[in-house]
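Structural overview
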Amino acid sequence: MQKFSGFALLRNALGGHQNWGHQWRNPAPKDEYDVVIVGAGGHGLGAAYYLAKEHGITNVAVIERGWLGGGNTGRNTTIIRSNYLFDESAALYEHSVKLWEGLSQDLNYNVMYSARGVLMLAHNHHDVASFKRHVHSNRLNGVDNEWLDADGVKAFCPPLNIKSMRYPILGGALQRRGGTARHDAVAWGFARGASDRGVDIIQNCEVTGIRRGANGAVEGVETSRGFIRAKKIGVSAAGHTSVVMSMAGVRMPLESYPLQALVSEPVKPAFDSVVMSNTIHAYISQSDKGEMVIGAGTDAYTSYSQRGGLHITTHTLDAICELVPQFRRLRMLRNWGGIVDVTPDRSPIIAKTPVPGLYVNCGWGTGGFKATPGSANVFAHTIAKDAPHPINAPFSLERFRDGFLIDEAAAAAVAH
Ligand code: FAD
Ligand code: PYC
């Protein structure tokens, strides 16, 4: 694999940047693999990377119906944080943040992780009580989070209007280690690292069926490029997980909704943190290109179309204009949607399934980007060992049967 270093940059600059090699191979599918992963988003590619790196399992294919990183991985607003309420979630999301902190070095690929602080705003007394509870719970779990009063919010993020609005800001919960990363780079970095270790990434190849043998175990996947035999199959298909799992006869406790985001025209650096408000349905940060990255809550109806209702985004822009009045004259550049897979308790499922050899990583809803390295890491463990890692053991399918729910609706921070 071509290494990125100061020296390599200099050498390639002298050559006019014409000599960089391809970052991953583009092979034809083999007849058989030890593991097939369905979905080349960050979670699927990351699982393949950790299967190869940590478990020595390299006869792996990641099968993607479109292009790698073209799903929610390439459509999200890149917020990273681990300020979830329950012990199980804190362990999972904090595992991920710790991996983010060293990911660029691990992959030798700059994922542009920027710990610029994530501030969650409180606009009413319920918000204040709820966020303070999160702060205390997080600190007990060793996760950084601090309460700021209204003046503290203003000092941390001066562009915010804290008083002259319908729901004034009463305070906020700040996780300073939270922030953002470059979404495409995460997919590309994992793809590069996995491919270099022997993983085949097969793009433009749709999984259309899952074949099971007489004993019920998986035998392989039917695809638009023919049948591919596999001893194990890991499904990481986000909004289309229910569709793929139904191919094996497994009904999932998931609903799929559109979630929209938009960006403004690029402007000079004006907003150096991430601010979220669940109560008035808006969140905002500034990308490295200068665009304001803005998002809303989910649309109210289930759908597989990667677009949503215009009234959702206009409502969010109303909220942004109240929060940061100086942005009233910004023009919006692009708007898009992704399909997010939501569980009844707003926590993910990373688990074995009732079908031998079939594993699933889904239910990330509006919040799985932050979890990409951590989830991929424990999903790889689950596939390799045919047993969950202690971190993802609580995130089983059976919890919906047995009632051990992990209700993170408040920490999801995006209304859905
Ligand atoms: P994806 O990247 O969607 O990958 C799944 C892949 O499976 C897709 O590429 C798809 O094409 C493929 N696939 C599906 N069906 C098949 C098939 N039959 N055959 C082959 N391939 C198939 N999370 C955060 O933590 N922070 C945020 O700020 C944030 N903002 C968001 C904003 C928006 C607008 C959206 C839509 C989501 C946001 N999320 C956020 C959620 C986050 O994007 C997702 O949880 C996460 O990216 C999921 O990653 P993934 O790899 O599981 O899925
Ligand atoms: O989970 O932090 C999050 C998030 C922000 C925007 C969408 N999801």
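This one's a predicted model, so the numbers in the text were calculated from it and none came from an experiment. (Residues numbered from 1 in each chain as written. Chains lettered and ligands numbered in written order. Predicted model: local features only at pLDDT ≥ 70, side-chain atom pairs only at ≥ 80, totals over all residues. Heavy atoms only, no water.)

**Let's talk about the site of ligand 2**
- Around ligand 2 sit Thr77, Ile79, Arg81, Met276, Tyr283, Thr366, Gly367, Lys370, Ala412 and Val414, and those are all the residues in its vicinity.
- In this structure, a nitrogen atom belonging to ligand 2 sits 2.7 Å away from a main-chain N or O atom of Thr366.
- Protein burial of ligand 2: of its 240 Å² of free accessible surface, 96% is covered by the chains.
- Residues of the shell around ligand 2, tallied by class, amount to five nonpolar, three polar and two charged. (Near = heavy atom within 4 Å. Polar contact = N/O pair within 3.5 Å; in protein donor to acceptor, adjacent residues only side chain to side chain. Areas by Shrake-Rupley, 256 points an atom, 1.4 Å probe, with all protein chains shown as cover. Nonpolar A, V, L, I, M, F, W, Y, C, P; charged D, E, K, R; others polar.)

**Focus: the domain arrangement of the protein**
- Here the protein is described as being made up of domain 1 (22–78 + 183–254 + 345–411) and domain 2 (115–177 + 256–342).
- On a C-alpha basis, the centroid separation for the pair domain 1 and domain 2 is 29 Å.
- Contact between domain 1 and domain 2 buries roughly 1500 Å² in total, counting both sides, with carbon and sulfur atoms accounting for 53%.
- Among the residues domain 1 hides against domain 2, the three largest losses belong to Arg75, Thr77 and Gly239. Together they make up 35% of the total.
- Our count for the contact surface shared by domain 1 and domain 2 stands at zero salt bridges.
- Inspection of the domain 1/domain 2 interface yields nine residue pairs in polar contact (both at pLDDT 80 or more). (Domains from an automatic or database assignment. Buried area = accessible area lost by both parts, 1.4 Å probe. Salt bridge = Lys/Arg side-chain N within 4 Å of Asp/Glu carboxyl O.)

**Topic: helix α3 (residues 87–107)**
- Over its 21 residues, α3 runs 29 Å from end to end, which matches the ideal 30 Å to within 8%, given 1.5 Å per residue.
- At Glu101, α3 is bent by approximately 50°, the largest bend along its length.
- Along α3, the residues classified as buried are Ser89, Ala90, Leu92, Tyr93, Glu94, Ser96, Val97, Trp100, Leu103, Ser104 and Leu107.
- Looking at the buried side of α3, the elements it contacts are α2 (42–55), β3 (79–80), β6 (171–175), α6 (183–196), β17 (349–352) and α9 (372–385).
- Phi turns positive one or two residues past the end of α3, at Asn108, with a value near 50°. (Helix = DSSP H or I, 4+ residues; strand = E, 2+ residues; numbered from the N terminus. Expected span 1.5 Å × (residues − 1). Bend = angle between axes of the 7 residues up to and from the residue. Buried < 20%, exposed > 50% of the residue type's maximum accessible area, 1.4 Å probe, protein only. Contact = heavy atoms within 4.5 Å.)

**A short note on the site of ligand 1**
- Near ligand 1 you find 37 residues, and of these Glu64, Asn72, Thr73, Thr77 and Lys370 are the closest.
- At 3.0 Å from a nitrogen atom of ligand 1 is found a main-chain nitrogen or oxygen belonging to Val207.
- Residue Thr366 places a main-chain N or O atom 3.1 Å away from a nitrogen atom belonging to ligand 1.
- The protein chains hide 96% of the 1000 Å² of surface that ligand 1 would expose on its own.
- Put simply, the parts of the chain that give the shell around ligand 1 at least two residues each are α2, β12 (255–264) and β16 (332–342).
- When residues of the shell around ligand 1 are assigned to their parent elements, the largest contribution, three residues, is made by β12.
- Across the shell around ligand 1, the residue classes tally to 14 nonpolar, 18 polar and five charged.
- Counting contributing residues per domain, the shell around ligand 1 is built from domain 1 (22–78 + 183–254 + 345–411) and domain 2 (115–177 + 256–342), each supplying no fewer than three.

**A few points about the sheet that holds strand β4 (residues 118–122)**
- Reading across the sheet, the eight strands line up as β5-β6-β4-β13-β14-β15-β12-β16 and stay open at both edges, with mixed pairing between neighbours. Every other strand in the sheet has two partners, leaving β5 (146–149) and β16 as the edge strands with one partner each. Neighbour-to-neighbour, the strand axes of the sheet open up by a mean angle of 20°, direction not taken into account. (Pairing = 2+ DSSP bridges. Axes fitted to C-alpha atoms, helices over the stretch in contact; angles between N-to-C directions.)

**Observations regarding the nonpolar core**
- Core analysis: the largest hydrophobic core is formed by 48 residues, its most contacted members being Ile37, Leu45, Leu51, Val60, Trp100, Phe190 and Val199.
- Sorting the residues of this core by element identifies β1 (32–38), α2, β2 (60–63), α3, α6 and α9 as the ones contributing at least two each.
- For this core, the element with the most residues is α2, which contributes seven residues.
- Residues within four places of Ile37 in sequence aside, it is in contact with Gly44, Ala47, Leu51, Val60, Ala61, Val62, Ile63, Gly234, Ser236 and Ile383.
- If you look at the next biggest cluster of nonpolar residues, it comprises 29 residues, including Val36, Ile228, Met252 and Val360. (Core = buried A, V, L, I, M, F, W, Y, C linked by side-chain atoms within 4.5 Å.)

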